[in-house]
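Fold and geometry: a report
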Amino acid sequence: HVYSFINERPGNKLRLMLSLLCAIATVYIPQARFNMEKEQGEADSILAEAYFQHGDYANTEKCIISAIKKQDPWSRNFNILGLLKEKQMKFKDAMACYLTAIKTDHFDPDGFLNVALLFSRIGEKKKAENFYKKAFNLRKPSDTLYYNYALFCESEGKTKDAVENYIKCLKVNPANEM
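Residues numbered from 1 in each chain as written. Predicted model: local features only at pLDDT ≥ 70, side-chain atom pairs only at ≥ 80, totals over all residues. Heavy atoms only, no water.

**Description of the pattern of salt bridges**
Here is the rule: Any carboxyl oxygen of Asp or Glu that lies within 4 Å of a side-chain nitrogen of Lys or Arg is treated as forming a salt bridge with it. By definition, any uninterrupted DSSP run of H or I lasting at least four residues is a helix, any uninterrupted run of E lasting at least two residues is a strand, and each is numbered from the N terminus. Note on exposure labels: buried denotes an accessible area under 20% of the residue type's maximum, exposed denotes more than 50%, and partly exposed covers the range between, all computed with a 1.4 Å probe on protein chains only.
All told, the structure shown has eight salt bridges when counted by the stated rule. Residues Arg76 and Glu49 are paired through a salt bridge, measuring 2.2 Å at the closest nitrogen-oxygen approach. Linking Arg76 in helix α5 (residues 75-87) with Glu49 in helix α3 (residues 36-53), this pair joins segments that are 27 residues apart in sequence. Looking at Arg76, the relative accessible area reads 22%, which means it is partly exposed. For Glu49, a relative accessible area of 29% puts it in the partly exposed group.

Now the structure itself:
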């Protein structure tokens, strides 16, 4: 019966050959090794973010430190730790975390945005502006970046720039509720 199926339509031979090649490739091409430690690190990172969002800072710190120890350097983990340090009013530590995040991934706008927000918070407006500009130059800007920059412009009395960035924010994400 298989032989009649193959000869039924001209494309069936090709489909069967491709299926066989895929099956052979699945068996013979080496797969990435499963690393339980790294997987646990990623789970810890996700848990840390969830704890942070719910205000459980003790468990946030426990999980994010565990994630950092178990994984290859990941900017997200250092950003989360920086946010935690900021909540604890440890601004120097927060800045060190954000700068480590940037060093870990030069193209992750979150690290640059977090540095800009922290500089703005501590009154270093010129430095904040520079980091906002760097964040805008990395990738397609997010609604979060536009929104935070709009707030910054508004606080600096740059109403026209603020309005332009609020509009850009809503163009990127019309549902933005910040």
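**Details of the packing of aromatic side chains**
Just so we agree on the cut-off: Aromatic rings from Phe, Tyr and Trp, with only the six-membered ring used for Trp, were paired whenever their centres fell within 6.5 Å, and each pair was classed as stacked if the ring planes differed by under 30 degrees, edge-to-face if by over 60, and tilted otherwise.
With the rule as written, the count across this model stands at nine aromatic pairs. Between Phe136 and Tyr146, the aromatic rings sit 5.4 Å apart at their centres with planes inclined by 45°, giving tilted as the arrangement. Residue Phe136 is found in helix α8 (residues 125-136), and its partner Tyr146 is found in helix α9 (residues 143-155); the two are separated by 10 residues along the sequence. Measuring from centroid to centroid gives 5.3 Å for Phe136 and Tyr149, while their planes differ by 80°, and the two rings are edge-to-face.

**Remarks on the confidence of the model for the chain**
As a reminder of what qualifies: The predictor rates its confidence in each residue with pLDDT, a number between 0 and 100. Note on definitions: a residue-residue contact is assigned when non-hydrogen atoms from the two residues lie within 4.5 Å.
Scored by pLDDT, the chain has a mean of 87; 84% of the residues are at 70 or more. Confidence drops under a pLDDT of 50 for residues 1-7, and excluding neighbours within four residues, the segment shows five contacts in the predicted structure.

**Considerations on the nonpolar core**
The nonpolar side chains of soluble globular proteins are, as a tendency, buried together. What counts, and what does not: For the purposes of this section, nonpolar cores are sets of buried Ala, Val, Leu, Ile, Met, Phe, Trp, Tyr and Cys residues that join through side-chain atoms within 4.5 Å.
In terms of nonpolar packing, the biggest core is built from 23 residues, with Val115, Phe119, Phe131, Tyr132, Leu145 and Tyr149 touching the most fellow members. Once you skip the residues sitting within four places of it in the chain, Phe119 turns out to touch Met95, Glu124, Lys125, Lys127, Ala128 and Phe131. The next biggest cluster of nonpolar side chains, apart from the first, holds nine residues, and it includes Ile64, Ala67, Ile80 and Cys97.

**Re unusual backbone geometry**
In this model, Met89 sits at a positive phi of 65°, which is unusual for a non-glycine residue. In this fold, Met89 is placed in the loop between α5 and α6 (91-104).

**Details of the packing of α5 against α6**
Just so we agree on the cut-off: Angular values range over 0 to 180 degrees, each being the angle between N-to-C directions of two axes fitted as lines to C-alpha atoms, with helices fitted over their stretch in contact. By the definition adopted for this analysis, an angle is roughly parallel if under 35 degrees, roughly antiparallel if over 145, roughly perpendicular if from 65 to 115, and oblique otherwise. Two helices crossing with the near one rotated counterclockwise from the far one by less than a right angle form a left-handed crossing, whereas a clockwise rotation gives a right-handed crossing. Residue classes follow a fixed rule: Ala, Val, Leu, Ile, Met, Phe, Trp, Tyr, Cys and Pro count as nonpolar, while Asp, Glu, Lys and Arg count as charged, and any other residue, Gly among them, counts as polar.
Contact geometry for α5 and α6: axes closest at 8 Å, N-to-C directions at 170°. On the basis of their axis angle, the class for α5 and α6 is roughly antiparallel. When the axes of α5 and α6 are compared, the crossing they make is left-handed. For the pair α5 and α6, contact is made by Ser75, Phe78, Asn79, Leu81, Gly82, Leu83, Lys85 and Glu86 and by Phe91, Asp93, Ala94, Cys97, Tyr98, Thr100, Ala101 and Thr104, respectively. Across the contact of α5 with α6, the residue classes break down as eight nonpolar, five polar and three charged.

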